[in-house]
Amino acid sequence: MVASGAELGWLTSPVEHGWEIGQRAVNGSLLYNYYICNVEEREQDNWLRTTFIQRHPTASRVFVELRFVVRDCNSFNADSLICKETFNLYASEADADIGTAFRKGLFRKVATIAPDEISSLGEMKMNIETKVVDNLSRKGFYLAFQDIGACVAIYSVRVYYKTCPATVKSLAEFPETVAGGENQALREVAGSCVSNAVSEDQPRIYCTTDGEWVVPVSQCQCRPGFEAMNDACQECQSGFFKSSVSSEACKPCPKNTQPSGHGATSCTCKDGFYRATEDPKTAVCSGLPSAPQSLVATTAQMSIGRLQLSWRPPADTGGRSDITYTVVCERCEGRACQPCGEKVRLDPSNTDLKETRVTVSELEPLLNYTFTVEARSGVSQFSNKRATSSINTALHYTGRLTAMHLVDSSSTSLSLQWSVSHRSKPVATRYELMYRKKEIANGKVTTYTVLVLEKNLVQISDLSPSTVYLFKVQALSPEGNPGSYSLEQEFSTLPQGEQSENVSVILGAAIGGGVMLFIVVVVLLLRKRRRNSHTRQGPEDAYFSSPDQLKPLKTYVDPHTYEDPNTAVLKFASEIHPSHITKQKVIGAGEFGEVYRGILKAPSRKETAVAIKTLKPGYTEKQRQDFLSEASIMGQFSHQNIIRLEGVVTKFKHAMIVTEYMENGALDKYLKDHDGDMSSFQLVGMLRGIAAGMKYLLDMSYVHRDLAARNILVNSNLECKVSDFGLSRVLEDDPEGTYTTSGGKIPIRWTAPEAIAYRKFTSASDVWSFGIVMWEVMAFGERPYWDMSNHEVMKAINEAFRLPAPMDCPSAVYQLMLQCWLQDRSKRPRFGDIVSILDKLLKSPDSLKAIADFDPRVSIRLPSTSGSDGSPFRSVAEWLESIKMNQYSENFSIAGIVSMEQVLQMKSEDIRNIGVRLPGHLKRIAYSILGLKDQTSTLSVFAV
Ligand code: AMP
């Protein structure tokens, strides 16, 4: 800057009579100036040149600020053409000080300087003008003021250039920068990140000609351990960390870490906590998982050297989701254990299992295996601790069966033998032998007869001569788990009268060898039955009660033959994929869960309406097996009057049993809802269907034990089908089930006396129950023995009383009921007889016309035979209302029956005559009148 206030040594030209140095007192201080006032002389050309001004190397534009005073030409008596009021500013560049060598020609004009205000005589109006000298490029320059005849005094000349000041923007520092000139209006300036900040690209900014910063471009971010604060990067406080170059703030240390110091880039895990290699440094630290829970070995297929291990995830996952399992198999003989090695297969793998189960196969028989399941997570590698659960399984492997061979045969018997190929010493095993006639008689379904044997030998008697039989044998482990079946083999009996030659030899040899040849199933089954208290017994004359009574074909197989009922269910029921089932509506509640109506749409089959029985959540394995046992039983049946099993869902969490859908639901409810609406013919038709279903069950040697109208289902064609085959059902499910002194739960009103007394459940006891169902049907769902107690019922039955005929019941039908209720079970009709009797009745409907005597007095009082307070009814209308028959009020009044006294005189015909036609309504009104007549009457029943 060049300022006034001292002798400057500026050059004047001409040296004389040109610009002069002057002095003037302004506001009390003496100021120097350069002045000139040659206003009266023509052609003035007076120059005042500054000394050499060094240029800042980057300042191409300088500003020249002048303070000056110009005297008004009018204040002189001068020629206005000669006197001027402006002067000119010139500049000349040079690379070096040229001293006094002054040449006008080197100067270029910068501007004409005109005052804003001119001063009269004695005045001093200071003007300030700033002019720009642009495009400077040489080392320095001179300024020059040319006077052309003005009266002017220059008080100060300030020469300066502009800079953008040093600054920090977005964590980038930019140096002070000289503003550019005309040729570089925006000067790009490179900066650098503040300390502890970094950036991939160099920060940039622009400096305007006015010395202002614009458009900063900075990607500077604080380094790990630092966060931005007040244009600087500052260390993270203790307890906080920052792991990366980012613009984020420091974060508190995550869970399970030690508190950090200042400037932490990460927080170290507490002892016992780790981060997996792939975990980011910012992640929480996790502990080791705990051991897998509830490790079990399912041995359903142990007999073929296979088992399934399953477990639940660890209770504590250490907060990680990358839990995998490793299964180690060890083979133990005595105390010595060694790795199973390659021999044993683990599916899908033995390591890195994501699922909580594994199938182990190719196990050797008779060895103890120890399976250790370890739960691992991404942090397990950092610790030597192991989270394991172990299980020991002794594998009673039943070995593979060799082919059967014929030991002996006759026209009515076959003796067979087989052996087991054990890889090591044999185990005590039982066998399940199945056989059937090869020929399928009359296209009927042929069912296997099943025998459970203790030896690998059997003699089967009572066979038909010259007949080919098919045999299959299966080894059962001591726990009763079935192995795979042998191939089916054929053996024939000899023609009538022939005898095998080698019988004595073989039998002799066999017995001599101390082997018992034909142990048939009796002993075993009895033992088994005792164990499973609710295993069904066959009928009294069950085929297996003695070897010579073996009565094959069409025999139901008790799913309890299989220790693992899952095997049974797979054998007798087809598996349905749950996606083929659509549940629509809850229609009932079974013992195990809700029953739904729904749709089954299996691939390439048309849609079928189905009932879906579900197993409620939280079931135990035992409940699941009991639930599915119903399907194992139902699946063996195929009859028009037995509820048809469509299939089961067992392979998914929510087990289901899918059966045909019966639109009209349970029979007892259906009848109550249609009280009096159906003819005897229709009712007998229904009974015929039930009887046919029961005959089929008898043929299959199946005893139902809970035959009752509530267990019969009705479809839209009013066809009745027997249902409810669960194994535990009689004991648990049926609300009618009552505990007897023997401990069992029995539906007393439906059960034959011998079954109540000593659990003698046979087809004959089912016939008794059928008699009760007949009564329920003919009485439109009335409760048998009304509100008598179970005790009263048993007492009455023992005293030979029986239920009376329902109202309007055909005599022949009632007679049949009474036959079903004969005390001597051998005298009761069999289901085959019942079907033919009912068929006959249906063929000649006239036979239904004779109605059994109906004595309403045997019925107990209806609940509402008097007003609710026990007082007599005051009007006919009140009485009808109480028995919900007020639709007949008008009939009574038209007939002139207006008082209760008149009502009490009425007989059945009178009621009919006034227009009550529906049998159910007739019955209700008649019962009520009788009840009113004899408020104290109790039940008396017919003796037979
Ligand atoms: P359950 O567990 O067999 O006693 O069934 C309970 C209830 O569900 C029955 O009383 C019926 O009302 C209903 N139900 C069961 N199976 C069927 C079916 N196949 N069709 C229609 N309703 C059924």
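About the cut-offs
Residues numbered from 1 in each chain as written. Predicted model: local features only at pLDDT ≥ 70, side-chain atom pairs only at ≥ 80, totals over all residues. Heavy atoms only, no water. Helix = DSSP H or I, 4+ residues; strand = E, 2+ residues; numbered from the N terminus. Buried < 20%, exposed > 50% of the residue type's maximum accessible area, 1.4 Å probe, protein only. Areas by Shrake-Rupley, 256 points an atom, 1.4 Å probe, with all protein chains shown as cover. Disulfide = S-S within 2.5 Å. Phe/Tyr/Trp six-rings, centres within 6.5 Å; stacked < 30°, edge-to-face > 60°. Lys NZ or Arg CZ within 6 Å of the ring centre and 35° of its normal. Pairing = 2+ DSSP bridges. Axes fitted to C-alpha atoms, helices over the stretch in contact; angles between N-to-C directions. Parallel < 35°, antiparallel > 145°, perpendicular 65-115°, else oblique. Left-handed = near helix turned anticlockwise from the far one by under 90°. Contact = heavy atoms within 4.5 Å. Near = heavy atom within 4 Å. Polar contact = N/O pair within 3.5 Å; in protein donor to acceptor, adjacent residues only side chain to side chain. Nonpolar A, V, L, I, M, F, W, Y, C, P; charged D, E, K, R; others polar. Core = buried A, V, L, I, M, F, W, Y, C linked by side-chain atoms within 4.5 Å. Expected span 1.5 Å × (residues − 1). Arc of directions from axis to C-beta. Salt bridge = Lys/Arg side-chain N within 4 Å of Asp/Glu carboxyl O. pLDDT = per-residue confidence, 0-100.

## Regarding the overall build of the chain
- A count of helices and strands for the chain gives 17 helices and 55 strands.
- Across the 944 residues that make up the chain, the buried fraction comes to 50%.
- In the structure as shown, the chain presents an accessible area of about 44,700 Å², 50% of it carried by carbon and sulfur atoms.

## Here we look at the state of the cysteines
- For the structure shown, the criterion picks out nine disulfides.
- In this model Cys37 forms its disulfide with Cys151; the gap between the sulfur atoms is 2.0 Å. Residues Cys37 and Cys151 are joined by a disulfide whose S-S torsion is about -105°; by sign, that bridge is left-handed. Residue Cys37 is located in strand E3 (residues 29–37), and its partner Cys151 is located in strand E12 (residues 151–160); the two are separated by 114 residues in the primary sequence.
- Of the residues examined, Cys37 reaches a relative accessible area of 29% and is grouped as partly exposed.
- On the accessibility criterion, Cys151 (10% relative accessible area) is buried.
- The disulfide that involves Cys236 links it to Cys250, with 2.0 Å between the sulfurs.

## Some remarks on the packing of aromatic side chains
- In this structure the tally under the stated criterion is 25 aromatic pairs.
- Ring pairs connect the aromatic residues Trp10, Tyr34, Phe68, Phe87 and Phe145, which therefore count as one cluster.
- Between the NZ or CZ atom of Lys162 and the centre of the ring of Phe63, over which it lies, the distance is 4.8 Å.
- Sitting over the ring of Phe761, Arg705 keeps its end group 4.7 Å from the ring centre.

## With respect to the sheet that holds strand E15 (residues 172–174)
- Pairing in this open sheet of three strands is antiparallel, and the strands run E14-E15-E18 from one edge to the other. In this open sheet, the two edge strands, each paired with only one partner strand, are strand E14 (167–169) and strand E18 (192–193).
- Judged from the two bridges that link them, E15 and E18 form a sheet pairing that is antiparallel. Of the residues in E18, the one forming a bridge with Ala172 is Cys193.

## Here's the deal with the packing of helix H3 (residues 565–572) against helix H4 (residues 621–634)
- Across the interface, H3 lies against H4 with an axial gap of 9 Å and an inter-helix angle of 25°. With respect to H4, the axis of H3 lies roughly parallel. Pair H3 / H4 crosses with left-handed handedness. Along the contact surface, H3 presents Pro565, Asn566, Ala568, Val569 and Phe572, while H4 presents Glu621, Arg624, Gln625, Leu628, Ala631 and Ser632.

## Quick word on the pairing of strand E46 (residues 594–600)
- Across the seven residues that make up E46, a large majority, five, are buried.
- Two strands pair when backbone bridges link them, and strand E45 (residues 581–589) and E46 are joined in this way by seven bridges, in the antiparallel orientation. Residue pairing for E46: Ile581 is matched across the bridge by Leu600.
- Remark: four residues form the turn of the hairpin made by E45 and E46, two consecutive strands paired antiparallel.

## What to know about the site of the ligand
- The ligand sits among 14 residues. The nearest are Gly590, Lys613, Thr659, Glu660 and Met662.
- Measuring from an oxygen atom of the ligand, one finds a side-chain N or O atom of Lys613 at 2.5 Å.
- Note that a nitrogen atom of the ligand is positioned 2.8 Å from one of the backbone N or O atoms of Glu660.
- Isolated, the ligand exposes 480 Å² of accessible area, and the fraction of that covered by the protein chains is 84%.
- At the level of elements, E45, strand E47 (608–614) and strand E49 (656–660) are the ones that each hand at least two residues to the shell around the ligand.
- Broken down by element, the shell around the ligand gets its largest block of residues, three residues, from E45.
- Considering only residue class, the shell around the ligand consists of eight nonpolar, three polar and three charged.

## Let's talk about the nonpolar core
- Phe637, Leu667, Ile690, Phe725, Phe770, Trp821 and Leu838 are the most contacted members of the largest nonpolar core, which totals 79 residues.
- No other element matches the ten residues that helix H6 (residues 680–699) contributes to this core.
- Counting residues in each nonpolar core, the second largest holds 25 residues, with Trp19, Leu48, Ile53 and Leu136 among its members.

## A closer look at the packing of helix H11 (residues 811–820) against helix H12 (residues 831–843)
- It is at 11 Å that the axes of H11 and H12 come closest, and there the two elements cross at 175°. Considering their axes alone, H11 and H12 lie roughly antiparallel with respect to each other. Together, Ala812, Val813, Leu816 and Cys820 of H11 and Ile834, Ile837, Leu838 and Leu841 of H12 make up the contact between the two elements.
- Its residues assigned to classes, the contact of H11 with H12 comprises eight nonpolar, no polar and no charged.

## Here we look at the environment of Leu463
- Note that Leu463 resides in the loop between strand E41 (457–460) and strand E42 (468–476).
- Leu463 gets classed as buried once you look at its relative accessible area, which sits at 5%.
- For Leu463 and Ser411, which are 52 residues apart along the polypeptide, the C-alpha to C-alpha distance reads 7.4 Å.
- Each residue touching Leu463, except ones within four places of it in the same chain, is listed here: Ser411, Thr412, Ser413, Leu414, Tyr435, Tyr469 and Thr493.

## Points about H12
- Taking 1.5 Å of rise per residue, 13 residues should cover 18 Å, and H12 covers 18 Å from first to last C-alpha, within 8% of that figure.
- Within H12, the full set of buried residues consists of Phe831, Ile834, Val835, Leu838, Leu841 and Leu842. For H12, the arc enclosing every buried residue in end-on projection is 130°, short of the 170-degree limit, so these residues lie on one face. In H12, those exposed residues whose orientation departs by more than 90 degrees from the buried face are Lys840 and Lys843.
- For H12, the elements touching its buried residues are H6, helix H9 (763–778) and H11.

## A word on unusual backbone geometry
- Between Ser13 and the following residue, Pro14, the backbone shows a cis peptide bond with an omega angle of -5°.
- Of note, the amide linkage connecting Asp347 to Pro348 takes the cis form, showing an omega dihedral of 0°.
- Among the secondary structure elements, Pro348 is positioned in the loop between strand E31 (345–347) and strand E32 (357–361).
- With a phi close to 55°, Asp352 is a non-glycine residue in the positive phi region.
- Among the structural elements, Asp352 can be located in the loop between E31 and E32.

## Here's the deal with the pattern of salt bridges
- Here the structure, examined in full by the defined rule, presents 31 salt bridges.
- For Arg376, the salt bridge is made with Glu374, and the minimal N-O distance between the two is 3.0 Å.
- For Arg376, a relative accessible area of 22% translates into the label partly exposed.

## A short note on the sheet that holds strand E21 (residues 213–217)
- Spatially, E17-E20-E21 is the arrangement adopted by the three strands of the open sheet, whose pairing is antiparallel. Where the open sheet ends on each side, the last strands, each with one partner, are strand E17 (186–190) and E21. Ignoring which end each strand starts from, the neighbouring axes of this sheet average 20° apart.
- Where strand E20 (residues 204–208) meets E21, three bridges bridge the pair, whose relative direction is antiparallel. When the bridges of E21 are listed, Tyr206 appears paired with Val214.

## Structural notes on the side chain of Thr167
- Mapped onto the fold, Thr167 is located in strand E14.
- Those residues in contact with Thr167 that lie beyond four places of it in its chain are Ala172, Glu173, Phe174 and Trp213.

## Things to note about the confidence of the model for the chain
- On average, the chain scores 82 in pLDDT, and the residues at 70 or more come to 82%.
- Between residues 935–944, whose pLDDT stays under 50, and residues either more than four places distant or in other chains, the model counts 29 contacts.

## A short note on the environment of Glu278
- Tracing the chain through its elements places Glu278 in the loop between strand E26 (251–252) and strand E27 (293–298).
- For Glu278, a relative accessible area of 57% corresponds to the exposed category.
- Residues Glu278 and Val379, spaced 101 residues apart in sequence, show a C-alpha to C-alpha distance of 9.9 Å.

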